[in-house]
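Each chain is listed here by its residues.
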Amino acid sequence: MSAEPSELAVHRHLLVSERLRTRRRGLGLTQKQVVTRLWRIGVATTNKALSSLEHGAGLDVAKLPELARALDCTTTYLLGLTDDPRSWEPDPVDGQPRAGLTAGSTNGDRPEATPPSPRSADGRSWILGPEVPDLPIGRPATRG
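Predicted, not measured: the structure shown is a model, and the values here were computed from it. (Residues numbered from 1 in each chain as written. Predicted model: local features only at pLDDT ≥ 70, side-chain atom pairs only at ≥ 80, totals over all residues. Heavy atoms only, no water.)

(A) Molecular detail of the overall build of the chain. Within the chain, the regular secondary structure consists of five helices and two strands. In sequence order, the secondary structure elements of the chain are arranged as α-α-α-α-α-β-β. In the chain, buried positions account for 30% of the 144 residues. If you take every contact in the chain between residues at least 6 apart in sequence, the share linking residues at least 24 apart comes to 50%. (Helix = DSSP H or I, 4+ residues; strand = E, 2+ residues; numbered from the N terminus. Buried < 20%, exposed > 50% of the residue type's maximum accessible area, 1.4 Å probe, protein only. Contact = heavy atoms within 4.5 Å.)

(B) Main features of the side chain of Ser17. When you line up the elements, Ser17 lands in helix α1 (residues 7-26). Within polar-contact distance, the side chain of Ser17 engages the backbone oxygen of Leu53 at 2.9 Å. Filtering out sequence-adjacent residues up to four positions away, Ser17 remains in contact with Leu53, Glu54, His55 and Gly56. (Polar contact = N/O pair within 3.5 Å; in protein donor to acceptor, adjacent residues only side chain to side chain.)

(C) Structural detail: unusual backbone geometry. A positive phi angle, close to 50°, is found at Asp72, a residue other than glycine. For Asp72, the position within the fold is in the loop between α4 (64-70) and α5 (75-78).

(D) Geometry of the nonpolar core. If you look at the biggest cluster of nonpolar residues, it comprises 18 residues, and the most contacted ones within it are Leu20, Val34, Leu67 and Leu78. Elements represented by at least two residues in this core include exactly α1, α2 (31-40), α3 (47-54), α4 and α5. Here the element with the most residues in this core is α4; it accounts for four residues. Excluding residues that lie within four positions of it along the chain, Leu78 makes contacts with Leu15, Val16, Arg19, Leu20, Leu64, Leu67, Ala68 and Cys73. (Core = buried A, V, L, I, M, F, W, Y, C linked by side-chain atoms within 4.5 Å.)

(E) Up close: the environment of Leu78. On the secondary structure map, Leu78 appears in helix α5. Separated by 61 residues in sequence, Leu78 and Ser17 have C-alpha atoms that sit 8.3 Å apart.

(F) A look at α1. In this model α1 runs 28 Å from its N-terminal to its C-terminal C-alpha over 20 residues, within 8% of the 28 Å that 1.5 Å per residue would give. Looking only at α1, the buried set comprises Leu15, Val16, Ser17, Arg19, Leu20, Arg23 and Arg24. Structurally, α1 contributes buried residues whose contacts are with α2, α3, α4 and α5. (Expected span 1.5 Å × (residues − 1).)

(G) Structural view of the packing of α2 against α3. As a packed pair, α2 and α3 sit with axes 9 Å apart at the nearest point and diverge in direction by 110°. Taken together, α2 and α3 sit at an angle that is classed as roughly perpendicular. Contact residues: α2 offers Gln31, Lys32, Val34 and Val35, while α3 offers Asn47, Leu50, Ser51 and Glu54. Taken together, the residues that form the contact of α2 with α3 break down as three nonpolar, three polar and two charged. (Axes fitted to C-alpha atoms, helices over the stretch in contact; angles between N-to-C directions. Parallel < 35°, antiparallel > 145°, perpendicular 65-115°, else oblique. Nonpolar A, V, L, I, M, F, W, Y, C, P; charged D, E, K, R; others polar.)

(H) Seen up close, the environment of Leu64. On the secondary structure map, Leu64 appears in helix α4. A C-alpha to C-alpha distance of 9.4 Å links Leu64 and Val16, two positions 48 residues apart in sequence. In this structure, Leu64 is in contact with Val16, Thr75, Leu78 and Leu79, ignoring residues within four places of it in sequence.

In structure tokens, the structure reads:
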């Protein structure tokens, strides 16, 4: 067994890093503003750490949901499975839905479970959470 990452794993890793940087810039946010958003949702990080993530180093998949929330997008988007930052459903491949990832597809005799809607009855997203307001740039507030 080889310890070398597969070509697909390397590609996906670089894609996530690029998506983080592209989404941040598309929202007109600085790295400091994203770090502030992360602090507000309980993820202690630094500008240096965020810069490393955007350049392909130190990517921790456990933080993807919080990164997606701070960047107002879905983890599906960050993983490169869709080009729509708000879509939870992966984009079709060659005009066909991705195997095993859509409602109604089968796995043997069992249909795949339909994921719950990420929207509440009033249309608000319960997964992304409320809009996280920007704080003034500077040191994150400490709790005393």
